[in-house]
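# Close look at the chain arrangement
Take a look at the letters that make up each chain.
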Amino acid sequence: MPARIFQTPKSAMQSGKAKTDTWVLEFARSEALRPDPLMGWSGSGDTQSQVRLTFPDKDAAKAYAEKYGIPARVHSTPVKGLKLQAYADNFR
């Protein structure tokens, strides 16, 4: 079952960089979600998609995937540039 390795992004409510240094290995879904006829909730029999493993760095996550024969794709984090501007630029 294929997996993806990525760095945890910061949430929309977060301005700092706390908890963004961990790397995550998540498995892809093997079957589509389907609605439950009685309650209407969506679910599937795929329990592997509920697994979320965290690692301190990218190399540890890749080593884990190689050790257990998991085909993993690494998604690198895009470089973030700062937009420096003065407060006075708001009034021009």
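To keep things clear, this report deals only with the structure shown in the data block. (Residues numbered from 1 in each chain as written. Predicted model: local features only at pLDDT ≥ 70, side-chain atom pairs only at ≥ 80, totals over all residues. Heavy atoms only, no water.)

For the rest of this paragraph, the subject is the pattern of salt bridges. Under the defined criterion, the tally for this structure stands at four salt bridges. Two residues, glutamate 26 and arginine 52, come together in a salt bridge whose shortest N-O distance is 2.7 Å. Of the two residues, glutamate 26 is situated in strand E2 (residues 23-27) and arginine 52 in strand E5 (residues 52-55); the sequence distance between them amounts to 26 residues. Residues joined by salt bridges that share partners form a network here, namely Arg4, Glu26 and Arg52. (Salt bridge = Lys/Arg side-chain N within 4 Å of Asp/Glu carboxyl O. Helix = DSSP H or I, 4+ residues; strand = E, 2+ residues; numbered from the N terminus.)

Moving on to a nonpolar patch on the surface. Taken together, the side chains of Leu38, Met39 and Trp41 make up a nonpolar region of the molecular surface, amounting to roughly 440 Å² of accessible area. Summarising the element assignment, tryptophan 41 is placed in the loop between strand E3 (34-35) and strand E4 (42-43). (Patch = residues over 30% accessible without salt bridge, like charges linked within 9 Å, V, L, I, M, F, W, Y side chains within 5 Å. Areas by Shrake-Rupley, 256 points an atom, 1.4 Å probe, with all protein chains shown as cover.)

Among the structural elements, threonine 20 can be located in the loop between strand E1 (3-7) and E2. Within the structure, the side chain of threonine 20 is placed 2.7 Å from the backbone oxygen of lysine 17, a separation counted as a polar contact. Beyond its immediate chain neighbours, meaning those up to four positions away, threonine 20 contacts Gln7, Thr8, Pro9, Lys10 and Gln14. (Polar contact = N/O pair within 3.5 Å; in protein donor to acceptor, adjacent residues only side chain to side chain. Contact = heavy atoms within 4.5 Å.)

What follows covers the packing of aromatic side chains. Under the criterion given, the structure shown has three aromatic pairs. Ring centres of phenylalanine 55 and tyrosine 64 lie 5.4 Å apart, and the angle between their planes is 45°; this geometry places the pair in the tilted category. Residue classification places phenylalanine 55 among the buried residues on the basis of a relative accessible area of 12%. Judged by centre distance (5.3 Å) and plane angle (75°), the rings of tyrosine 87 and phenylalanine 91 are edge-to-face. Looking at tyrosine 87, the relative accessible area reads 64%, which means it is exposed. Here phenylalanine 91 falls in the exposed class, since its relative accessible area comes to 61%. (Phe/Tyr/Trp six-rings, centres within 6.5 Å; stacked < 30°, edge-to-face > 60°. Buried < 20%, exposed > 50% of the residue type's maximum accessible area, 1.4 Å probe, protein only.)

So, about the nonpolar core. Of all hydrophobic cores here, the largest spans nine residues; its members are Ala3, Ile5, Trp23, Leu25, Phe27, Phe55, Ala61, Ala65 and Ile70. At three residues, the largest contribution of residues to this core is made by E2. Look past the residues within four positions of isoleucine 5 in its chain and what remains in contact with it is Trp23, Val24, Leu25, Ala61, Lys62, Ala72, Arg73, Val74 and His75. (Core = buried A, V, L, I, M, F, W, Y, C linked by side-chain atoms within 4.5 Å.)

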